[in-house]
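The residues making up each chain are set out below.
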Amino acid sequence: MLLIVTVVELTRELGAQWGRLTDEQKQPFVRKAQEDKERYQREMAEYQPTEQETNSEKTDQKAPEDNVHDDVREYYSKVLTQTKDLKTSACTSASKPHPIIQEALKHVPAPIKEKFYGCGTPIPLGIDGLTVLDLGSGSGRDCYIAAKLVGEDGRVIGVDMTDEQLSVAKEHVDEYMKTLGREESNLEFRKGYIEDLEQTGIEPDSVDIVISNCVVNLSPKKDQVLRGVYRVLKEGGEFYFSDVYADRRIAKHVQEHKVLYGECISGASKIFRTKLTNSVC
Ligand SMILES: C[S@@+](CC[C@H](N)C(=O)[O-])C[C@H]1O[C@@H](n2cnc3c(N)ncnc32)[C@H](O)[C@@H]1O
């Protein structure tokens, strides 16, 4: 059985709780986050690739993740051209977004909204002046909304690997900035893999909020995505995502089904609850 869970409400509540703490109460958490970050940076600096990883870099052979990327890219460039082309109801929002988001949506150009493939609206409020990064931004609906909410002093970057999605996203930026009465654009889209944010030029500790709408499930390397998010977030930064989860193993024939993979089902993160541990993989 597949579960579609929007974690926005949960993260919003955690954010509110954090806001109620005094600076003194926050200190141990900030210290722990700093220690974790330093440990992670040390481990990354000392990391030695395995023989298998080294050999796969030396040959032209495609790694399995390349095949996944190719299939997903094909799905979001050739198979789907509009929301109405979706073949399942997996990429669906369970509820209406907040009225502030609904208001912002009214200003987003129609061609952008017609190519929305998300499963929620993982955009927090109160983000004025912040830098937001959207992983797998597609035609950019959430980036356009965020660009309005962060105001002139904020900034939004969308990253996607599919040219067709990026070209629609980029095409309407100027017109949108005029609609918002902005002289300078605070919205940009970059080509790249969400597993390799470094290659897109996003600096460590440079982003306040990372968002992602129905994309992590499509990644063959979810752990790498999460490490990348951790790397680019500033201390105290937050990650909001809507995605698809499964509470049991997904059958092999479902995993290999290109439509079900493309529509965010086969790659769903698995959440297991056991007596000893809860885990996500
Ligand atoms: C389900 S759509 C969601 C698009 C967008 N977030 C939205 O809400 O409309 C998935 C998007 O993620 C992109 N994508 C999938 N895997 C990716 C990866 N590994 N790196 C970068 N982009 C990826 C696809 O090109 C596609 O545009």
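Residues numbered from 1 in each chain as written. Predicted model: local features only at pLDDT ≥ 70, side-chain atom pairs only at ≥ 80, totals over all residues.

Q: Is there a simple way to explain the overall build of the protein chain in this structure?
A: Regarding its fold elements, the protein chain presents 12 helices and eight strands. Per-residue burial over the protein chain gives 34% buried out of 281 residues. (Helix = DSSP H or I, 4+ residues; strand = E, 2+ residues; numbered from the N terminus. Buried ≥ 20, exposed ≤ 12 C-beta atoms within 10 Å, placed from the backbone.)

Q: What is the right way to read the site of the ligand from this model?
A: Not every one of the 25 residues close to the ligand is listed here, only the nearest: Gly118, Gly136, Gly138, Thr162 and Asn213. Those elements that provide at least two residues to the shell around the ligand are helix H4 (64-79) and helix H7 (141-149). Counting residues per element, the shell around the ligand draws most heavily on H4, which supplies three residues. Its residues assigned to classes, the shell around the ligand shows 12 nonpolar, nine polar and four charged. (Near = placed C-beta within 6 Å. Nonpolar A, V, L, I, M, F, W, Y, C, P; charged D, E, K, R; others polar.)

Q: How should the environment of alanine 104 be read in this particular structure?
A: On the secondary structure map, alanine 104 appears in helix H5 (residues 99-105). Between the C-alpha atom of alanine 104 and that of alanine 146, which follows or precedes it by 42 residues, the distance is 8.6 Å.

Q: What exactly am I supposed to notice about the nonpolar core here?
A: It is characteristic of soluble globular proteins that their nonpolar side chains tend to be buried jointly. If you look at the biggest cluster of nonpolar residues, it comprises 55 residues, and the most contacted ones within it are Val132, Leu133, Tyr144, Ala146, Val156, Val210 and Cys264. With six residues, strand S6 (residues 233-246) is the largest single contributor of residues to this core. Apart from residues no more than four positions distant in its own chain, valine 156 is found in contact with Val132, Cys143, Ala146, Ala147, Val150, Asn186 and Leu187. (Core = buried A, V, L, I, M, F, W, Y, C linked by C-beta atoms within 7 Å. Contact = placed C-beta atoms within 7 Å.)

Q: Any chance you could explain unusual backbone geometry here in plain terms?
A: Backbone phi values are negative for most residues with the exception of glycine, while trans is the configuration of most peptide bonds. Notably, aspartate 205 is not glycine yet its phi reads approximately 55°, a positive angle. Secondary-structure assignment places aspartate 205 in the loop between strand S4 (187-191) and strand S5 (207-213).

Q: Honestly, the pairing of S6 in this entry has me stumped. Any pointers?
A: Looking along a regular strand, one sees side chains alternate from face to face of the sheet. When S5 meets S6, the two strands line up parallel, connected through six bridges. Bridging from a neighbouring strand, valine 210 pairs with phenylalanine 239 of S6. For the crossover that starts at S5, traverses helix H10 (residues 222-232) and ends in the parallel S6, the hand is right-handed. (Pairing = 2+ DSSP bridges. Right-handed = clockwise from strand over helix to strand, strands pointing away.)

Q: Would you explain H10 in this entry?
A: What sets the pattern is the α-helix's 3.6 residues per turn: residues three or four places apart point alike. Where H10 is concerned, the buried positions are Val225, Gly228, Val229 and Val232. An end-on view of H10 places all buried positions within 100° of arc, on one side of the element. In this fold, the buried residues of H10 make contact with strand S2 (131-135), S5 and S6. (Arc of directions from axis to C-beta.)

Q: Can you walk me through helix H8 (residues 163-171) in this structure?
A: Within H8 the residues assigned to the buried category are Gln165, Leu166, Val168 and Ala169. Taken around the axis of H8, the buried residues stretch over an arc of 165°, which confines them to a single face. Structural note: H8 exposes Asp163 and Ser167 on the side pointing more than 90 degrees away from its buried face.

Q: Would you take a moment to explain the environment of isoleucine 112 for this structure?
A: Position of isoleucine 112 among the secondary structure elements: in helix H6 (residues 110-113). By the C-beta count within 10 Å, which is 23 here, isoleucine 112 ends up buried. Considering only alpha carbons, one finds isoleucine 112 and glycine 140, 28 residues apart in sequence, at a separation of 6.5 Å. The contact partners of isoleucine 112, leaving out residues within four places of it in the chain, are Ser139, Gly140, Arg141, Tyr144, Val168 and His172.

Q: Before we go on, may I ask you to explain the confidence of the model for the protein chain in this structure?
A: Fine structural detail should not be taken from predicted coordinates in areas where pLDDT scores are low. For the protein chain, the average pLDDT comes to 84, and 80% of its residues sit at 70 or higher. Confidence drops under a pLDDT of 50 for residues 1-13, and excluding neighbours within four residues, the segment shows 25 contacts in the predicted structure. Overall, residues 56-60 carries pLDDT values under 50, and its contacts beyond four positions in sequence, including any with other chains, amount to two contacts. (pLDDT = per-residue confidence, 0-100.)

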